[in-house]
Amino acid sequence: MKTQRRHWSAEEKTKLLRRHLIEKVPVSKICEEAQLAPSMFYRWQEQLFLNAALALEGKRSRSPERNKEQQRIEKLEQKIRQKDEVLAELMAEHVSLKKELGEL
């Protein structure tokens, strides 16, 4: 008979890891209570520490990537403004020509 795999939410994983890291509850006790294999617990702990740098990054650390995106957005917005100006100019010329020809 196969046992069903349990799917742990991020909140549940965090709660278990917090108990060990902050409250100093032994891993064996946590795993016993949660019916969890210690290898799984240690895998979660490794993931936590691997991704901790991302969580602790400040805005300054992300700025080169974000700055590139912002520059790209500004460049595209400038292109749109330029096209809008050209269209407005062409429409103004079109209207003035129609007026001269008496079509308006």
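Right above here is the structure, for reference.
What this report covers is the structure whose coordinates are included nearby. Source: prediction; values computed, not measured. (Residues numbered from 1 in each chain as written. Predicted model: local features only at pLDDT ≥ 70, side-chain atom pairs only at ≥ 80, totals over all residues. Heavy atoms only, no water.)

### Describing a nonpolar patch on the surface
Stated formally: Each patch is built from salt-bridge-free residues with over 30% relative accessible area, joining like charges within 9 Å and nonpolar side chains (Val, Leu, Ile, Met, Phe, Trp, Tyr) within 5 Å. Only the protein chains shown count as cover for residues, with accessible areas throughout obtained via the Shrake-Rupley method and a probe of 1.4 Å. Each reported salt bridge corresponds to a side-chain nitrogen of Lys or Arg within 4 Å of a carboxyl oxygen of Asp or Glu. Where helices and strands are cited, they refer to DSSP runs of H or I of at least four residues and of E of at least two residues respectively, numbered from the N terminus.
Residues V86, L87 and L90 make up a contiguous nonpolar surface patch of roughly 280 Å² in combined accessible area. Assignment of secondary structure puts L90 in helix α4 (residues 59-101).

### Brief notes about the packing of helix α1 (residues 10-21) against helix α3 (residues 38-56)
When two helices pack together, you describe them by how their axes are tilted relative to each other and by the distance separating the axes. This is how the line gets drawn: Interaxial angles span 0 to 180 degrees and are taken between N-to-C directions of axes, which are lines fitted to C-alpha atoms, for helices over the stretch in contact. In what follows, roughly perpendicular refers to angles from 65 to 115 degrees, roughly parallel to angles under 35, roughly antiparallel to angles over 145, and oblique to any angle outside these ranges. What makes two residues a contact is simply this: any of their non-hydrogen atoms within 4.5 Å. Gly is placed with the polar residues, together with every amino acid not listed as nonpolar (Ala, Val, Leu, Ile, Met, Phe, Trp, Tyr, Cys and Pro) or charged (Asp, Glu, Lys and Arg).
For the pair α1 and α3, the least separation of the axes is 10 Å and the interaxial angle reads 90°. On the basis of the axis angle, α1 is roughly perpendicular to α3. Judged by residue contacts, K13, L16, L17, H20 and L21 of α1 engage F41, W44, Q45, L48 and F49 from α3. Looking at the contact of α1 with α3 residue by residue, the class counts come to 7 nonpolar, 2 polar and 1 charged.

### Observations concerning the pattern of salt bridges
Basically, it comes down to this: Note on classification: 1.4 Å probe, protein chains only; a residue is buried when its accessible area is under 20% of the maximum for its type, exposed when over 50%, partly exposed between these limits.
Tallied over the entire structure, the rule returns 2 salt bridges. The partner of E12 in a salt bridge is R6, and the shortest N-O contact between them spans 3.4 Å. Residue classification places E12 among the partly exposed residues on the basis of a relative accessible area of 30%. Of the residues examined, R6 reaches a relative accessible area of 49% and is grouped as partly exposed.

### Some remarks on the layout of surface pockets
Note the cut-off: Each cavity reported here is a set of points on a 1 Å grid over the protein atoms alone in which a 1.4 Å probe fits but cannot get out, each pocket an open set with protein on both sides within 12 Å along at least five of seven lines, and each lining residue one with an atom within 4 Å of a point. Grid points are joined across faces, edges and corners, and a volume is the space filled by probe spheres set on the points.
In this structure, the largest pocket encloses a volume near 240 Å³. Contributing to the lining of the largest pocket are Q4, R5, R6, H7, W8, A34, Q35, L36, A37 and M40. Across the lining of the largest pocket, the residue classes break down as 5 nonpolar, 3 polar and 2 charged. Roughly 200 Å³ of volume is contained in the second largest pocket. Secondary structure elements with two or more residues in the lining of the second largest pocket: α1 and α3. Sort the elements by how many residues they give to the lining of the second largest pocket and α1 lands first, with 6 residues.

### Thoughts on unusual backbone geometry
Trans is the common state for peptide bonds, and a negative phi is the common state for residues other than glycine. One non-glycine residue, K24, lies in the positive phi region at around 60°. Following the sequence through the fold, K24 ends up in the loop between α1 and α2 (27-34). Although it is not a glycine, Q35 sits at a positive phi angle of roughly 50°. As for its placement among the helices and strands, Q35 is situated in the loop between α2 and α3.

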